[in-house]
Amino acid sequence: MSQSLKIENLHASVEDTEILKGLSLEIPKGEVHAIMGPNGSGKSTLSKVMAGHEDYEVTAGTVLMDDVDLLDLEIDERSRAGFFLAFQYPHEIPGVSNANFLRAALQARLPKGEEIDAVAFYKDMYAKMDALSMDRKFTGRSVNDGFSGGEKKRNEILQMMMLEPKYAVLDETDSGLDIDALKIVAEGVNRMRSPERGFLVITHYQRLLDYIVPDVVHVMSDGQIVKTGGKELALELEEKGYDWVTEELAVTA
Amino acid sequence: MSSTLSENETAATAETSVPWFAAPPVHDIALELPDWYREIQSESWQTFLNLPDPERRDENWRFADLRKLRFAELIAARPADNVESLVQRAKAERVEHFAAHFVFANNRLIYSEVADLPEEAICLPINQALADHGDVVRAHFMKEEGTLGGAKFQALHGAATLSGLFVHAPKGCVIEKPVVVHHFSGGDFQAIFPHTLAVAEDNASISIMDFFESIVDGEQSVIVGGVDLVASNGGRVQYVSMQDESDAGPKHVQLNSSRAGRDANIVSAFVNLGASWVRNESINHMQENGSDIQIFGACLANGSQEYDQRTLQSHEAEHTTSDLLFKNALYDESRTIFAGLIQVQPGSHHTDSYQTCRNLLGSDKAEANAMPGLEIDADQVKCSHGSTSGQISDEEIFYLQARGIPAESARQMISLGFMNESVSKLTGAEIKENLFERIERKFASLRNW
C-alpha cells in the first residue's frame, strides 16, 4: 500500500471549460509540498476538486489517498477518511457556534452510539486555541461570523489541528494575513508536521514558504504542473516572476 | 353579562357580520372585581360587538388567511382534569433557576411556587392583584390605544381576561432570575385569555417567560392573549413568549405592548413552534429620551401552519434606539407573514432603528411574505430595514461537509443556527438553552428537510 496523496492525470471542468488539464503530482506521507502559480492557473480549482465541490466536473484522472480514490467518495466521506482542505474563503455559519461545529465534525467520526467526551474535547480545543493565540470567546461565537480575515484563517488551522487529517491542503492560507498572523498560522502548521502526515500548501507568494519550509515546490500553469524543484525554486520564482517559468516553457517547447 | 344587550347588537351588526357568540366565553369565577375593572370588561365587550370582522382589503390583514380567524363557536374553557400531570410537565420544562413559577390551565391557576423573589417585588395572578395593587394594575393594564389590526381581538381579550400574571418591581428592585409562567389550554373551541402585565419602575429589572402549551394534542382550543410591558427610568424588562402548542388545532392571538421610559430597556421575543394559526402583534413605544427596545422572533413553521406577525417600532423621543430581528424557517406548505413599521415621530432626533426579517425556505411550497416599512419625521436618524428569503446555500453545506459532517446533518445544523440567531441575543444562559432545546426538538420532529 502506498503512503501518499497521489494525483494522476487529473482533468476537471467548470461549465464545459477545462481548468485542470492532466495534472499529476505525488505527496508522500511526511512531506510538505508547495504549489505556486499565477492567478488563473487552476490552483484553487485543484483544492476544490480534491474536496469534492459539485461545481467541478472531473472528466479524467484519479486522486489516490493511501490507495483510496478520493473521487469515489462523498465530500464528508473524504474528510472522515483523513483529507482536509483549509479554505481560502471560509464560510460563515450564523447561529452555529464554533465549539458545536467542531464537536459535530468530531462526532461524525465516531461509531454510532458513541459520544464525545465533552471535558476532554474542551481541554483539547483550549490547548490548541492557546497555541494559535485565539481568544476563548471564539468557542461561543458563530462559525466565522464577523471574524476578521486573520481570525478566519486561524480558525481553519484550529479545525485542522482538531481533526488531525492524514493529508491537508492549505489553499492560499496566507492571503489577507499580516506578518504576525502569518507566523502564528505557520507555527500551527509546523507543529502538525509529522512522518504520518502530508501537506500541500497552495500559495501565490513565496513569503509563506519562509515560515512553512517545503520539501518540494511545484509550479502550476494553465492547469498542469510545469516545473518541480526544491525549496530554492520558490525563491527563484519570487525573484524572476512567473513569466520566467512560462517563457522557459515556451523555449523548451 | 346581559344577553339582551348582545341580541340588540346582533340586530345592529347583522348587515356586516354575525356576532361570534352572545357573551364573553369565560367562566364565572365569582370574584369581587373593582368597578373600574368591570367597566373595562363591559366597554371592551361593547367594542368587540361593534367592530366588524377583519377584512382582507385592510392592509393590516393583507396576506392573512381570514378563514382561520373566525372563532364562531367559542365557549368558556372547562377545568382541566389532569392537573397534576400538567404541573409535572411544567416543572420538568422550566429553567432550573427561577424567581417564581405559576401554572395556569384553561384560565385557572393550578400551581404556584415562589423560589427567589426580592421582598419588595410583587408577583401575583392578575385577578388577585386587583384587590391590593389595583392602582398599579389600573395605571398600566391594557393602555394600548392603537392596534395593528387586532382591535376586535383586543376587545375580546379585555372583556374576558382573568388569568395570567402581574409582576411589579418597584424602584431599584432587581428580580434577577426569570419569572416562569405556563399557560395550558385545551378542549375544542374552548378559549383562554391570558394576560401578562410587567411593570419595572426606575432602575428595576424583570425577566418573564410565558410558556404556551396544549393540554393534549389536536384540540381546537383558542388563545387570545395580551401582554403589557412597562419600564420607567432606567428600568429593564425581558419578556419571552414560547408558543409550543399542539401543531394541529390551536389558534393563537397575542397582542403585545411595550412602553419604555427614559434610558429604559425592553426586550421581547416571540418563539413560535406550535398552533395551526398564530397572530402576533407587537407595538413598541420608545417614549422618552434614551429608551431602547429590542424585539426578536424565531418561528419554525411546517405542515399548514400560518404565523402572521405585525410590528410597530415607534420612536417618540430623542436618542432612542430599537432593533428588530425576526427569523422564520418554513417547511412543507407553511406560511409566514411579517409586516413591520418603523415610525420616527416629529422631533425624535438621533434615533437608531433597525428591522430585519429573514426567511429560510425549506420547501418550494412554503410561502414567506414580508412587508417592511419606514416613516421618518426627524433629523439625524439612522434607520435600516430589510427582509430576505432564501434557501440554505450550497456553499455553507459544502463547508460543513468538508469537515466530515454528512449533508443531512449539515442542513439541520445550519437551519437550527439560523433560528437560534435571534434567540441568542436574549439575556440568560439558561433561558437561551431552554429555548434552543425546544427549537431543536421541533426540528428533530420534522420529516421533510
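Now for a description of the structure that goes with this document. Remember, predicted model here, so these are calculated numbers, not experimental data. (Residues numbered from 1 in each chain as written. Chains lettered and ligands numbered in written order. Predicted model: local features only at pLDDT ≥ 70, side-chain atom pairs only at ≥ 80, totals over all residues. Heavy atoms only, no water.)

Details of the packing of aromatic side chains
Residue and element names in this part refer to chain B. Within this structure, the stated rule accounts for 13 aromatic pairs over all chains. Between the aromatic rings of Phe326 and Phe338, the centroid separation amounts to 5.3 Å while the plane-to-plane angle is 55 degrees, which identifies the pairing as tilted. Taken together, the positions of Phe326 in strand β17 (residues 321-330) and Phe338 in strand β18 (residues 335-344) put the pair 12 residues apart, joining distant regions of the chain. On the accessibility criterion, Phe326 (1% relative accessible area) is buried. Seen from their ring centres, Tyr331 and Phe443 are 6.1 Å apart, and the 85 degrees between their planes marks the pair as edge-to-face. With a gap of 112 residues between them, Tyr331 in the loop between β17 and β18 and Phe443 in helix α9 (residues 429-445) connect regions that are remote in the sequence. Classification of Tyr331 by relative accessible area gives buried; the value is 2%. The exposure class assigned to Phe443 is buried, which follows from its relative accessible area of 3%. (Phe/Tyr/Trp six-rings, centres within 6.5 Å; stacked < 30°, edge-to-face > 60°. Helix = DSSP H or I, 4+ residues; strand = E, 2+ residues; numbered from the N terminus. Buried < 20%, exposed > 50% of the residue type's maximum accessible area, 1.4 Å probe, protein only.)

Section: empty space enclosed by the protein
Residues and elements named next belong to chain B. Summed over the entire model, instances satisfying the criterion amount to 3 cavities of 30 Å³ or more. Space inside the largest cavity adds up to approximately 140 Å³. Glu144, Gln154, Leu255, Asn256 and Ser257 are, among the 16 residues lining the largest cavity, the residues nearest its centre. Listed by contribution, the elements that provide at least two residues to the lining of the largest cavity are α6 (151-160), β10 (222-231), β12 (251-260) and β14 (277-286). Top contributing element to the lining of the largest cavity by residue count: β10, with 4 residues. Volume-wise, the second largest cavity comes out at about 40 Å³. Around the second largest cavity, the lining residues are His140, Lys143, Asp228, Leu229, Val230, Ser257, Ser258 and Arg259. (1 Å grid on protein atoms, 1.4 Å probe; cavity = no way out; pocket = protein on both sides within 12 Å on 5 of 7 lines; lining within 4 Å. Points joined across faces, edges and corners; volume = space filled by probe spheres on them.)

A short note on the interface of chain B and chain A
In this complex, chain B contributes 17 residues to the contact, which on the side of chain A involves 30 residues. Between chain B and chain A lies a buried interface of about 2000 Å² when both sides are counted; carbon and sulfur atoms form 66% of it. The largest share of the area that chain B buries against chain A comes from B:Phe398, B:Tyr399 and B:Arg403, three residues that together contribute 41% of it. In this assembly, chain B and chain A are joined by 1 salt bridge. Measuring nitrogen to oxygen at the nearest pair gives 2.7 Å for the salt bridge that ties B:Arg403 to A:Glu156. Inspection of the region where chain B meets chain A yields 13 residue pairs in polar contact (both at pLDDT 80 or more). Taken together, the elements giving at least two residues each to the side of chain B that touches chain A come down to α7 (394-401) and α8 (407-423) of chain B. Of the residues contributing to the side of chain B that touches chain A, the split by class is 9 nonpolar, 4 polar and 4 charged. (Contact = heavy atoms within 4.5 Å. Buried area = accessible area lost by both parts, 1.4 Å probe. Salt bridge = Lys/Arg side-chain N within 4 Å of Asp/Glu carboxyl O. Polar contact = N/O pair within 3.5 Å; in protein donor to acceptor, adjacent residues only side chain to side chain. Nonpolar A, V, L, I, M, F, W, Y, C, P; charged D, E, K, R; others polar.)

Topic: helix α2 (residues 35-50) of chain B
Here α2(B) is 16 residues long and its end C-alpha atoms lie 22 Å apart, about the 22 Å a rise of 1.5 Å per residue gives. Looking only at α2(B), the buried set comprises B:Trp36, B:Tyr37, B:Gln41, B:Ser44, B:Trp45, B:Phe48 and B:Leu49. (Expected span 1.5 Å × (residues − 1).)

What about the environment of A:Glu54?
Examined against the element boundaries, A:Glu54 turns out to sit in the loop between α1 (43-51) and β4 (57-65). For the pair A:Glu54 and A:Val217, spaced 163 residues apart in sequence, the C-alpha separation works out to 28 Å.

Some words on the layout of surface pockets
Taken as a whole, the largest pocket holds about 1300 Å³ of empty space. Within the lining of the largest pocket, the residues separate by chemical class into 17 nonpolar, 13 polar and 12 charged.

A few points about a negative patch on the surface
Together, A:Glu15, A:Asp16, A:Glu54, A:Asp55, A:Glu57, A:Glu74, A:Glu77 and B:Asp394 give the surface a local cluster of negative charge. A:Glu57 gets classed as partly exposed once you look at its relative accessible area, which sits at 49%. (Patch = residues over 30% accessible without salt bridge, like charges linked within 9 Å, V, L, I, M, F, W, Y side chains within 5 Å. Areas by Shrake-Rupley, 256 points an atom, 1.4 Å probe, with all protein chains shown as cover. Lys, Arg positive; Asp, Glu negative; His and termini not counted. Charge placed at Lys NZ, Arg CZ, Asp CG, Glu CD.)

Considering unusual backbone geometry
Residues and elements named next belong to chain A. Of note, Asp67 is a non-glycine position whose phi angle comes to about 80 degrees, a positive value. With respect to the helices and strands, Asp67 occurs in the loop between β4 and β5 (68-69). Even without glycine at this site, Ser133 takes up a positive phi of about 50 degrees. With respect to the secondary-structure elements, Ser133 resides in the loop between α4 (118-131) and β8 (142-143). Classification of Ser133 as partly exposed rests on a relative accessible area of 46%.

Here's the deal with the sheet that holds β4(A)
All names here are of chain A. A sheet is described by the order of its strands in space; here 4 strands give the open sequence β2-β1-β4-β5, paired in antiparallel fashion. Sheet topology places β2 (17-28) and β5 at the edges, where each strand pairs with a single neighbour. Pairing geometry for strand β1 (residues 4-14) and β4, over 7 bridges, is antiparallel. Paired with Lys6 across the bridge in β4 is Leu64. The sheet strands contacting α1 are β1, β2 and β4, and the helix crosses β1 at an angle near 105 degrees. (Pairing = 2+ DSSP bridges. Axes fitted to C-alpha atoms, helices over the stretch in contact; angles between N-to-C directions.)

Some words on the pattern of salt bridges
Residues and elements named next belong to chain B. Using the criterion set out here, one finds 29 salt bridges over all chains in the structure. As a salt-bridge pair, Arg279 and Asp308 come within 3.0 Å of each other at their nearest N and O atoms. One end of the pair, Arg279, is in strand β14; the other, Asp308, is in strand β16 (residues 306-315), with 29 residues separating them in the sequence. Summarising the burial analysis for this pair, Arg279 and Asp308 share the class buried.

A closer look at the sheet that holds strand β12 (residues 224-229) of chain A
To summarise the sheet geometry, strands pair through backbone hydrogen bonds and adopt either a parallel or an antiparallel arrangement. All names here are of chain A. With respect to topology, 6 strands assemble into an open sheet ordered β6-β9-β10-β3-β11-β12, the strand pairing being mixed. A strand with exactly one partner marks an edge of an open sheet, and here the two such strands are β6 (83-86) and β12. Averaged over all pairs of adjacent strands, the angle between strand axes in this sheet comes to 20 degrees, irrespective of strand direction. As defined by bridge partners, strand β9 (residues 167-171) adjoins strand β10 (residues 198-203) across 5 bridges and the pair is classed as parallel.

Everything listed here is a matter of coordinates, which is why it stays silent on function.
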